[in-house]
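Listed below, chain by chain, are the residues.
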Amino acid sequence: MLTKRIIPCIDVDLDDDGNPAVYTGVHFQDLEYTGDPVEMAHAYNEAGADEFVFLDITASADGRETMLSVVEQVADEVFIPLTVGGGIRTVEDIKETLRAGADKVSITTGALERPELINEGARAFGSQCIVISVDARRRFDDEGEHFVDVDGESCWFECTKKGGREGTGIDVVEWAKEAESRGAGELFVNSIDADGTKDGYDIPLTKAVCDAVSTPVIASSGCGGPEDMYEVFTDAGADAGLAASIFHFGEYSIEETKSYLDERDIPVRL
Amino acid sequence: MESTAVSEQELASVAIVDYGLGNLRSVTRGLERAGASVEITEDPAEFRAADGVVLPGVGAFREGVENADPLREDLLAVADRGQPLFGICLGMQMLLTTSEEAETAGDASVTGLDLIPGTNVRFAEGQKVPHMGWNELAVERDHPLVEGIDGEHAYFVHSYYAVPDDESATVATTDYDRRFPSIVANEAGNVFGTQFHPEKSGETGLQILRNFVEICADAE
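Because the structure is a prediction, the values reported are computed rather than measured.

### Concerning the packing of helix α6 (residues 172-182) of chain A against helix α7 (residues 203-212) of chain A
Residue and element names in this part refer to chain A.
Working step 1: In contact at an axis separation of 9 Å, α6 and α7 are set at 35 degrees when each is read in the N-to-C sense. Like other packed secondary-structure pairs, α6 and α7 cross with a definite hand, here right-handed. Contacts between α6 and α7 involve Val172, Val173, Ala176, Lys177 and Glu180 from the former and Leu205, Ala208, Val209 and Ala212 from the latter.
Working step 2: By residue class, the composition of the contact of α6 with α7 is 7 nonpolar, no polar and 2 charged.

Take a look at the structure:
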């Protein structure tokens, strides 16, 4: 049986000396230094991570170079899938990232601004390596297309750009369907509202996306512990659960998370 | 098995067939870790010189077959000489005869290498496709490639799966709503493939790559 994937997310920035460093934040802000990305990747691999997501949060040319060298170092020694995102806007960016050893690229703003990038990437490298990432934000007005009930209020989810700093007016559910039809092989669903809160994933958001598409969905943002993973797998239908701070700060290990899920009959790779 | 000890010895030489597809970095590093010296090449003379040949691949069947077409006779010669030929993911599907994927693309005439007669079919409607993630291997019969393996998880990404005409070609199966062949091999045993990516399947994948390198070393 296909297992649910547990994925640590590693946000890579440059420290004051220009070296790669992992940072963890709340609501996509207030970042705190957490460690060395390559060392963390090794430790998580030993601990049984099913995959890694690396995000370049520098959004600078220097950051990009550094990121590719981190990816090379990890890919050469850790034999599990790597997804790399941050600042990918062209087919050339995708190619460069895959060549460094990534198996998949995660694209957010680049695809919203030019949706054809999804078709071009899928055609050149296969759908399996094109992950479309959304940074969703709840909106309680009538400007969306797909509404769900959240605590008695009608809510829709808007795609944002630039780490949540800019709205787009695009409905996440519509965008997810479009991304799938253009050739996205996986969807990565972040929530600006839930990010870093540890109050649990945005279940209505994740469920709305899972119900709308047949490609695998990675739930992200808000995980505070194994019970949140359980909830997003059972109540929302996610295929993978991503977490950063609970793992980085050692609150829960990947082993603990997996055995919690295993005891509750969620299939995991032990 | 100590992977580090093995890798220092370079037990066998492996040629990875370069037919213009994708990222060969991980499979190269994985094979090196498993003790092989690796050459990425499109030169048939290098296939002949190597102890074993890997046919990698991601993407679509038709593109794969067409890209590899100039090397078709050379790959058939590898199999014919009894050299180990290991297809990975799309590379495994290309060992079979046909694929529904080529038909939906409007060209049923594209044929694979036909080294393991059979067809590649698409997962049913209503299933999440691609089948992406870690799934379990159930070994159905002996083959040196699965030495020390049974019940472990491997990493899959695919929308089509192989159905060999002869059931005995199936070495291992995996359950994704239905049981499908996840490792296949020909009758002689020197041509085989995995639907999953051993180079992305952690320790289980490395064990399979070590087994492959041993097969290559024994074939010398």
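Further notes follow.
### Considering the pattern of salt bridges
Residues and elements named next belong to chain A.
Working step 1: For the structure shown, the criterion picks out 30 salt bridges over all chains.
Working step 2: Arg89 is the partner of Glu113 in a salt bridge, and the nearest nitrogen-oxygen pair spans 2.8 Å. Taken together, the residues span a long stretch of sequence, with Glu113 in helix α4 (residues 109-113) and Arg89 in the loop between β5 (82-85) and α3 (91-99) at a distance of 24 residues.
Working step 3: Glu113 gets classed as partly exposed once you look at its relative accessible area, which sits at 40%.
Working step 4: Judged by its relative accessible area of 37%, Arg89 is partly exposed.
Working step 5: In this structure, Glu120 engages Arg114 in a salt bridge whose closest nitrogen and oxygen atoms are separated by 2.9 Å.
Working step 6: By relative accessible area, which is 33% here, Arg114 ends up partly exposed.
Working step 7: Taken together, the salt bridges that share partners define one network made up of Arg89, Glu113, Lys161, Lys162 and Glu166.

### Remarks on the environment of Leu68 of chain A
All names here are of chain A.
Working step 1: Within the secondary structure layout, Leu68 lies in helix α2 (residues 61-77).
Working step 2: As for Leu68 and Glu96, which are separated by 28 residues in sequence, their C-alpha atoms are 8.2 Å apart.
Working step 3: If we ignore the near neighbours within four places in the chain, the residues touching Leu68 are Glu96, Thr97 and Ala100.

### A few points about the interface of chain B and chain A
Working step 1: In this complex, chain B contributes 27 residues to the contact, which on the side of chain A involves 31 residues.
Working step 2: For the chain B and chain A pair, buried surface summed over both sides reaches about 2400 Å², with 54% attributable to carbon and sulfur atoms.
Working step 3: It is Lys128, Met132 and Trp134 of chain B that lose the most area in chain B upon contact with chain A, and together they represent 31% of the buried surface on that side.
Working step 4: Our count for the contact surface shared by chain B and chain A stands at 4 salt bridges.
Working step 5: In this structure, the connection of chain B to chain A is made through 12 residue pairs in polar contact (both at pLDDT 80 or more).
Working step 6: The leading source of residues in the side of chain B that touches chain A is strand β7 (residues 131-136) of chain B, at 6 residues.
Working step 7: Looking at side-chain class alone, the side of chain B that touches chain A contains 9 nonpolar, 10 polar and 8 charged residues.

### Quick notes on the packing of helix α5 (residues 116-125) of chain A against α6 of chain A
Residue and element names in this part refer to chain A.
Working step 1: In the contact formed by α5 and α6, the axes pass within 8 Å of each other and the chain directions differ by 35 degrees. Read as a crossing pair, α5 and α6 show a hand that is right-handed. Residues Glu116, Ile118, Asn119 and Ala122 of α5 pack against Trp175, Ala179 and Arg182 of α6.
Working step 2: In terms of residue class, the contact of α5 with α6 is made up of 4 nonpolar, 1 polar and 2 charged.

Cut-offs applied
- Residues numbered from 1 in each chain as written.
- Chains lettered and ligands numbered in written order.
- Predicted model: local features only at pLDDT ≥ 70, side-chain atom pairs only at ≥ 80, totals over all residues.
- Heavy atoms only, no water.
- Axes fitted to C-alpha atoms, helices over the stretch in contact; angles between N-to-C directions.
- Helix = DSSP H or I, 4+ residues; strand = E, 2+ residues; numbered from the N terminus.
- Left-handed = near helix turned anticlockwise from the far one by under 90°.
- Contact = heavy atoms within 4.5 Å.
- Nonpolar A, V, L, I, M, F, W, Y, C, P; charged D, E, K, R; others polar.
- Salt bridge = Lys/Arg side-chain N within 4 Å of Asp/Glu carboxyl O.
- Buried < 20%, exposed > 50% of the residue type's maximum accessible area, 1.4 Å probe, protein only.
- Buried area = accessible area lost by both parts, 1.4 Å probe.
- Polar contact = N/O pair within 3.5 Å; in protein donor to acceptor, adjacent residues only side chain to side chain.

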